[in-house]
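One-letter residues, chain by chain:
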Amino acid sequence: MEALLALAIGFLVGTSVYLMLSRNVLRFIFGLVLISNAANLIIFVGGRLIVGAPPLIVEGALAPAGIVANALPQALVLTAIVIGFGLFAFALVLMFRTYSTLGTLFSDQMRVAEPRENFET
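Residues numbered from 1 in each chain as written. Predicted model: local features only at pLDDT ≥ 70, side-chain atom pairs only at ≥ 80, totals over all residues. Heavy atoms only, no water.

1. Topic: the packing of aromatic side chains
Working step 1: Under the criterion given, the structure shown has one aromatic pair.
Working step 2: A ring pair is formed by F30 and F88, whose centres lie 6.4 Å apart and whose planes are at 35 degrees; its orientation type is tilted. One end of the pair, F30, is in helix 2 (residues 25-46); the other, F88, is in helix 3 (residues 71-102), and 58 residues separate them in sequence.
Working step 3: Here F88 falls in the partly exposed class, since its relative accessible area comes to 23%. (Phe/Tyr/Trp six-rings, centres within 6.5 Å; stacked < 30°, edge-to-face > 60°. Helix = DSSP H or I, 4+ residues; strand = E, 2+ residues; numbered from the N terminus. Buried < 20%, exposed > 50% of the residue type's maximum accessible area, 1.4 Å probe, protein only.)

Dropping the structure here:
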C-alpha cells in the first residue's frame, strides 16, 4: 500500500512542478494545489497506515492497548486541507482580478510597472 502511495505522491509532485514552471498563472495555481495535496499525502503516510485500528484509548487506560493509528497526522492533514482551500480561493480571486485588470494570464505579459521599450529587443 505504501509503495502505491509513494508512486502517487511522486506523480503528483512531478505534475505540480511541471505545471508550476508554466508561464500561465492558472496552471501555476493548479500546480500549487497539487503540491499541497502531495504534502498532505506525505504527512498522512508518515502516520502509518493501519487498517481497522482507530486512534482510541479505552476509558481509564493511560496508553493504548495495542497497535493504533496515530491521530496527530490526521489532525495535521485536516488543518492543511482547510488552509489549502483558503489559499486556493484567495489565489483564484487574485488571478481573476489580475486577468480583469491586465487582460492576460501569462506572466511574461504582466509588466505593468516596467517601461515597454526596455523589453522589445
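Moving on from the model shown.
2. A word on the side chain of T104
Working step 1: Position of T104 relative to the elements: it lies in the segment after helix 3.
Working step 2: Within polar-contact distance, the side chain of T104 engages the side chain of Q109 at 2.7 Å.
Working step 3: Here T104 is in contact with T98, Y99, Q109 and M110, once residues within four sequence places are set aside. (Polar contact = N/O pair within 3.5 Å; in protein donor to acceptor, adjacent residues only side chain to side chain. Contact = heavy atoms within 4.5 Å.)

3. Brief notes about a nonpolar patch on the surface
Working step 1: Together, V13, V17, L21 and I35 give the surface a local cluster of nonpolar side chains, amounting to about 320 Å² of exposed area.
Working step 2: Looking at the secondary structure, you find V13 in helix 1 (residues 2-20). (Patch = residues over 30% accessible without salt bridge, like charges linked within 9 Å, V, L, I, M, F, W, Y side chains within 5 Å. Areas by Shrake-Rupley, 256 points an atom, 1.4 Å probe, with all protein chains shown as cover. Salt bridge = Lys/Arg side-chain N within 4 Å of Asp/Glu carboxyl O.)

4. Notes on the side chain of N24
Working step 1: Inspection of the secondary structure puts N24 in the loop between helix 1 and helix 2.
Working step 2: For N24, the residues in contact, after removing those within four places along its chain, are L105 and F106.

5. Here's the deal with the environment of I35
Working step 1: Turning to its location among the elements, I35 is positioned in helix 2.
Working step 2: On the basis of relative accessibility, which here comes to 31%, the residue I35 falls in the partly exposed class.
Working step 3: Along the backbone, I35 and T15 are 20 residues apart, and their C-alpha atoms lie at a distance of 8.5 Å.
Working step 4: Leaving out residues up to four positions away in the same chain, I35 has contacts with S16 and M20.

6. Section: helix 1
Working step 1: Spanning 19 residues, helix 1 covers 26 Å between terminal C-alpha atoms, matching the ideal 27 Å at 1.5 Å per step.
Working step 2: For helix 1, every residue scored as buried is listed here: L5, I9, L12, S16 and L19. For helix 1, the buried positions fall inside an angular range of 95 degrees around the axis, keeping them on one side. Across from the buried face of helix 1, at angles greater than 90 degrees, the exposed residues are A3, L7, F11 and Y18.
Working step 3: Its buried side turned inward, helix 1 meets helix 2. (Expected span 1.5 Å × (residues − 1). Arc of directions from axis to C-beta.)

7. Side note on the pattern of salt bridges
Working step 1: All told, the structure shown has one salt bridge when counted by the stated rule.
Working step 2: The salt bridge involving D108 is made with R23; its shortest N-O contact spans 3.5 Å. Taken together, the residues span a long stretch of sequence, with D108 in the segment after helix 3 and R23 in the loop between helix 1 and helix 2 at a distance of 85 residues.

8. Here we look at helix 3
Working step 1: Relative to the 46 Å expected for 32 residues at 1.5 Å per residue, helix 3 spans 46 Å between its end C-alpha atoms, a close match to the ideal helical length.
Working step 2: Here helix 3 has its buried residues at P73, V77, A91 and M95.
Working step 3: Where helix 3 is buried, its residues contact helix 2.
Working step 4: Once helix 3 finishes, G103 follows within two positions and takes phi at roughly 80 degrees, a positive value.

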